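So the chains spell out like this:
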Amino acid sequence: MPKNVLNRAHSRALTKQGKIAIAGVAALGAAAVALSAVPGNTGTVINGAPVADAKVATGTQLKNVKGTVTDQLATESVKLDTFAAQKKAADEAAASKKAADAAAAAKKAAQERAAQQTASRSTERLDIQPVAAKTYADNLDGWIRQALDIMKQHNIPGSYSGLHRNIMRESSGNPMAINNWDINAINGVPSKGLLQVIQPTFNSYHVSGTSWNIYDPVANITAAANYAAHRYGSMDNVNSAY
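Model, not experiment: these values are computed from the prediction.

Visitor: Account for the layout of surface pockets, with residues named and values stated.
Guide: Within this model, the largest pocket holds a volume of roughly 280 Å³. For the largest pocket, the lining is made up of 14 residues, of which Glu-170, Asn-184, Ser-191, Gln-196 and Tyr-242 are closest to its centre. Counted by class, the lining of the largest pocket contains 7 nonpolar, 5 polar and 2 charged residues.

Visitor: Can you lay out the nonpolar core for me, pointing to particular residues and giving the numbers?
Guide: Grouped together as the largest cluster of nonpolar side chains are 27 residues, with contacts concentrated most on Ile-144, Leu-163, Ile-167, Leu-195, Ile-221, Met-235 and Tyr-242. Secondary structure elements with two or more residues in this core: helix 3 (140-153), helix 4 (160-171) and helix 7 (217-232). With 8 residues, the single largest contributor to this core is helix 7.

Visitor: Can you explain the pattern of salt bridges? Please cite residues and give values.
Guide: Inspection of every chain in the model, using the stated rule, returns 5 salt bridges. The partner of Arg-145 in a salt bridge is Asp-141, with the nearest N and O atoms 3.1 Å apart. Of this pair, Arg-145 and Asp-141 both sit in helix 3, 4 residues apart, roughly one helical turn. Given a relative accessible area of 43%, Arg-145 falls into the partly exposed group. Residue class for Asp-141 comes out partly exposed when judged on its relative accessible area of 31%.

Visitor: Any details on the packing of aromatic side chains? Residues and values, ideally.
Guide: For the structure shown, the criterion picks out 2 aromatic pairs. Where Tyr-205 meets Tyr-227, the ring centres are 5.4 Å apart and the plane angle is 70°; that geometry is what we call edge-to-face. Taken together, the positions of Tyr-205 in helix 6 (residues 199-205) and Tyr-227 in helix 7 put the pair 22 residues apart, joining distant regions of the chain. What makes Tyr-205 partly exposed here is its relative accessible area of 24%. Tyr-227 gets classed as buried once you look at its relative accessible area, which sits at 14%.

Basis of the calculations
Residue numbers here run from 1 along each chain, matching the order of that chain's written sequence. It should be noted that, the model being predicted, local features are given only for residues of pLDDT at least 70 and side-chain atom pairs only at 80 or more, the latter also being counted only at that level, while totals for whole chains, interfaces and linings use all residues. Remark: hydrogens and water are excluded; side-chain values derive from all non-hydrogen atoms of the structure. A pocket, in this scheme, is an open set of points on a 1 Å grid over the protein atoms alone with protein on both sides within 12 Å along at least 5 of 7 lines, while a cavity is a set where a 1.4 Å probe fits but cannot get out; residues line either one if an atom lies within 4 Å of a point. Grid points are joined across faces, edges and corners, and a volume is the space filled by probe spheres set on the points. Residues are grouped as follows: Ala, Val, Leu, Ile, Met, Phe, Trp, Tyr, Cys and Pro are nonpolar; Asp, Glu, Lys and Arg are charged; every other residue, Gly included, is polar. Working definition of a nonpolar core: buried Ala, Val, Leu, Ile, Met, Phe, Trp, Tyr and Cys residues. They are joined through side-chain atoms within 4.5 Å. The classification of residues rests on relative accessible area computed with a 1.4 Å probe and restricted to protein chains. Under 20% of the type maximum is buried, over 50% is exposed, and intermediate values are partly exposed. Comment: elements are numbered from the N terminus, with helices defined as DSSP H or I runs of at least four residues and strands as E runs of at least two. Any Lys or Arg side-chain nitrogen located within 4 Å of an Asp or Glu carboxyl oxygen qualifies as a salt bridge. What counts as a ring pair is set by centres within 6.5 Å for rings of Phe, Tyr and Trp (its six-membered ring), and what kind of pair is set by the plane angle: stacked under 30 degrees, edge-to-face over 60, tilted for all other angles.

Spatial relationships are all this shows, so hold off on functional conclusions.
This is how it looks when you write it as C-alpha cells:
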C-alpha cells in the first residue's frame, strides 16, 4: 500500500475523534449553563452570578408570594366578617319583626276576648234583668199613678194626695166633666176634664208624650199639674179654684 493512502486514513480517523471531542465539549458547556440557573451547595460562581444572589432573589419571590396570600386571606376575612354582620342584623330584624307580630296578635286576641266578654256580660244582664212594661189600672188610681210617673220624668212637682184632693173637688173623678156655667164658659172656653182645665191652658202646658185630647185623664192631670207648678209651685199648694 502506498504511504499517502495510510496518511489519508489516519487523517480521517483523527478528524472523527476531533468531532467527538468537540461534541463532548459542547455538551459540557450546555450542562454548565444549566447548572448556572440552579444554585448549588458549594458556592461556586457560574456565569458570573454568585449563589448568594440567587438565594436572595428566591427569598424575595417567596416573600412576595407570602404577602399576596396574606392580603387575599385578609380580604376574605373582611368579607366573612361583613357577611356575618349582615346575617346577624338580618336575624335580629327578623326576630324583632316576629316579636312585634306576636305582640300585635296577642293584643288583637285580647281585644277580641274583651269584646266577647263585654257582649256576654251585656247578654247576661239582659237575661237576668228583663225590663217589664209597667201597666196601670184604667181607673182614677191608675190615672193618677201614671201621671205621677210622667211628672217625675219632666221634674213636675206633685203628690198623689194633692192630685187626688183637687180632682175630687173639681170633677168628682169624672174625666168627661165640663163646666158650662162659670165665667170661662161664658167666655166660650169652658173648663174640662178631671182637673177642669180650659183649652188654652191645656195647649200651653201640655206635657210631651201624652195625648192632645183634653179629656184624656193622664194628659189632663199632667197639664194641670204643670200649670199649677208654674203658678203655685205645686198642685199640692192648690186648695180651691185655680
